[in-house]
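Observations on chain architecture
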Amino acid sequence: HGAEWTYSEGLLDEAHWPKEYPDCGGKRQSPVDLQRKEVWYNPSLRALNLSGYEVQHGAFPMVNDGHTVQISLPPTMRVTAADGTQYVAQQMHFHWGGASLESSGSEHTIDGIRYVIEIHVVHYNSKYKSDDKAQKAPDGLAVLAALVEVKDNAENAYYSNFISRLKSIRYPGQSTVLRGLDVQDMLPGNLHYYYSYWGSLTTPPCTENVRWFVLADTVKLSRTQVWKLENSLLNHQNKSIHNDYRGTQPLNNRVVEANFM
Ligand code: SG7
Ligand code: ZN
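Predicted, not measured: the structure shown is a model, and the values here were computed from it.

**What about the sheet that holds strand β8 (residues 109-110)?**
- Within the open sheet, the 3 strands sit side by side as β1-β8-β9. Their pairing is mixed. Lying at the two open borders of the sheet, with one neighbouring strand each, are β1 (33-34) and β9 (113-114).

So this is what it looks like as structure tokens:
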């Protein structure tokens, strides 16, 4: 590829992704606006089963990849969907705003409302031997997503260590290591209720092989914590990584299910 893709600058901004990455022009793209009155309520949809998400000792690499901050996760972290399909965790990363004061940066919106940050925990289907094979398979990936809200003056202690390390990976390509990680506590308290639909990666190559689970409950961070996440990292153009989210895509004839109403 001639140029690196971007969200809003240069020749390969969001609107031009399909030229280099044809899947980005597909009919089952993500993110989407989750419209509560259009969602199919499915009371028989059981809760997700998370295992190995609680506190883990060891070393977890964390990198500024020029688009976001990404933490590598151990394969002992797994999610089992209501239909029994098991997914193995790969990495988690974030999408945020910050381009102007009060600009939110979630990818999924709910009834048109954009949340301040969106957390993605990327998994691959355990029936594939490697995440490489899963990346190309039609049922290869699952992303567990959570939305963040600001709670003024209430520091979320489960994010303190992660946020304090961001200043050591200011430049793209820089990495550090987190000692110990507790993803369960970085997620919302209520893991029972969620939206689910079939979509895509929200960045190039936009592969349409992602089963999305967007949690209904939110994570709360203080305004200072949000500010630090929004202002610590630089991209390949040496500018702050701001508004690293893709606009919502048409649902076309897809169905969004939820196990709550
Ligand atoms: C972020 O989002 C990165 C990507 C990720 C992409 O830019 O975390 O990670 C890597 C390894 O490039 O792409 C294949 C993949 O995980 C899209 O992920 S997302 O759909 O959850 N936003
Ligand atoms: Zn993402």
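**Focus: the side chain of His108**
- Relative to the helices and strands, His108 resides in the loop between β7 (86-96) and β8.
- Polar side-chain contacts of His108 include one of 2.7 Å to the side chain of Tyr197.
- Apart from the residues within four sequence positions on either side, His108 is in contact with Pro31, Val32, Leu34, Glu118, Leu147, Tyr197, Trp212 and Val214.

**Some thoughts on the packing of aromatic side chains**
- One pass over the full model with this rule turns up 9 aromatic pairs.
- Aromatic side chains Tyr194 and Phe213 sit 5.6 Å apart centroid to centroid with 80 degrees between the ring planes, which places their arrangement in the edge-to-face category. Here Tyr194, found in strand β13 (residues 194-199), pairs with Phe213, found in strand β14 (residues 210-221); they are 19 residues apart in sequence, far enough to count as distant. In this pair, the class of Tyr194 matches that of Phe213, namely buried.
- Here a set of aromatic residues connected by ring pairs shows up, and it is made of Trp5, Tyr7 and Trp17.

**Digging into the nonpolar core**
- One finds Val69, Phe94, Leu144 and Phe162 to be the most contacted residues of the largest nonpolar core, which totals 46 residues.
- Ignoring any residue separated from it by four or fewer positions in sequence, one finds Leu144 in contact with Leu48, Leu50, Tyr53, Val79, Ile119, His120, Val121, His123, Leu187, Phe213 and Leu215.
- The next biggest cluster of nonpolar side chains, apart from the first, holds 24 residues, and it includes Val32, Ile110, Tyr124 and Ala134.

**Structural notes on the coordination of the zinc ion (ligand 2)**
- Ligation of the zinc ion (ligand 2) by protein atoms is provided by His93 (NE2), His95 (NE2) and His120 (ND1), these donors lying 2.0 Å from the ion.
- Angles of 98 to 115 degrees at the metal separate the 4 donor atoms of the zinc ion (ligand 2), which places the site in the tetrahedral class.
- As a motif over one chain, the donors of the zinc ion (ligand 2) read H-x1-H-x24-H. One end of the pair, His93, is in strand β7; the other, His120, is in strand β10 (residues 117-125), and 27 residues separate them in sequence. Residue His93 shares its accessibility class with His120, and that shared class is buried.

**Considerations on the site of ligand 1**
- In the neighbourhood of ligand 1, 15 residues make up the surrounding shell, with Gln70, Gln91, His93, Thr202 and Thr203 lying closest.
- Here an oxygen atom of ligand 1 sits 3.0 Å away from a polar atom, N or O, in the side chain of His93.
- For ligand 1, a nitrogen atom lies 3.3 Å from a polar atom in the side chain of His120.
- Against a free-state accessible area of 500 Å², the protein chains account for coverage of 80% of ligand 1.
- Looking at the shell around ligand 1, the elements with two or more residues in it are β7 and β10.
- Broken down by element, the residue count for the shell around ligand 1 peaks at 3 residues, all from β7.
- Classifying every residue of the shell around ligand 1 by side-chain character gives 4 nonpolar, 9 polar and 2 charged.

**Focus on helix α5 (residues 223-231)**
- If you check which residues of α5 are buried, you get Gln225, Val226, Leu229 and Glu230. Down the axis of α5, the buried set is contained in an arc of 135 degrees. They therefore lie on one face.
- Those residues of α5 that are buried lie in contact with β5 (69-72), β7, β10, β11 (141-150), α3 (160-165) and β14.

Calculation notes
- Residues numbered from 1 in each chain as written.
- Chains lettered and ligands numbered in written order.
- Predicted model: local features only at pLDDT ≥ 70, side-chain atom pairs only at ≥ 80, totals over all residues.
- Heavy atoms only, no water.
- Pairing = 2+ DSSP bridges.
- Helix = DSSP H or I, 4+ residues; strand = E, 2+ residues; numbered from the N terminus.
- Polar contact = N/O pair within 3.5 Å; in protein donor to acceptor, adjacent residues only side chain to side chain.
- Contact = heavy atoms within 4.5 Å.
- Phe/Tyr/Trp six-rings, centres within 6.5 Å; stacked < 30°, edge-to-face > 60°.
- Buried < 20%, exposed > 50% of the residue type's maximum accessible area, 1.4 Å probe, protein only.
- Core = buried A, V, L, I, M, F, W, Y, C linked by side-chain atoms within 4.5 Å.
- Donors = N, O, S within 2.8 Å, 3.2 Å for Na, K, Ca; no water.
- Tetrahedral: all angles 85-135°; square planar, octahedral: opposite > 155°, others 65-115°.
- Near = heavy atom within 4 Å.
- Areas by Shrake-Rupley, 256 points an atom, 1.4 Å probe, with all protein chains shown as cover.
- Nonpolar A, V, L, I, M, F, W, Y, C, P; charged D, E, K, R; others polar.
- Arc of directions from axis to C-beta.

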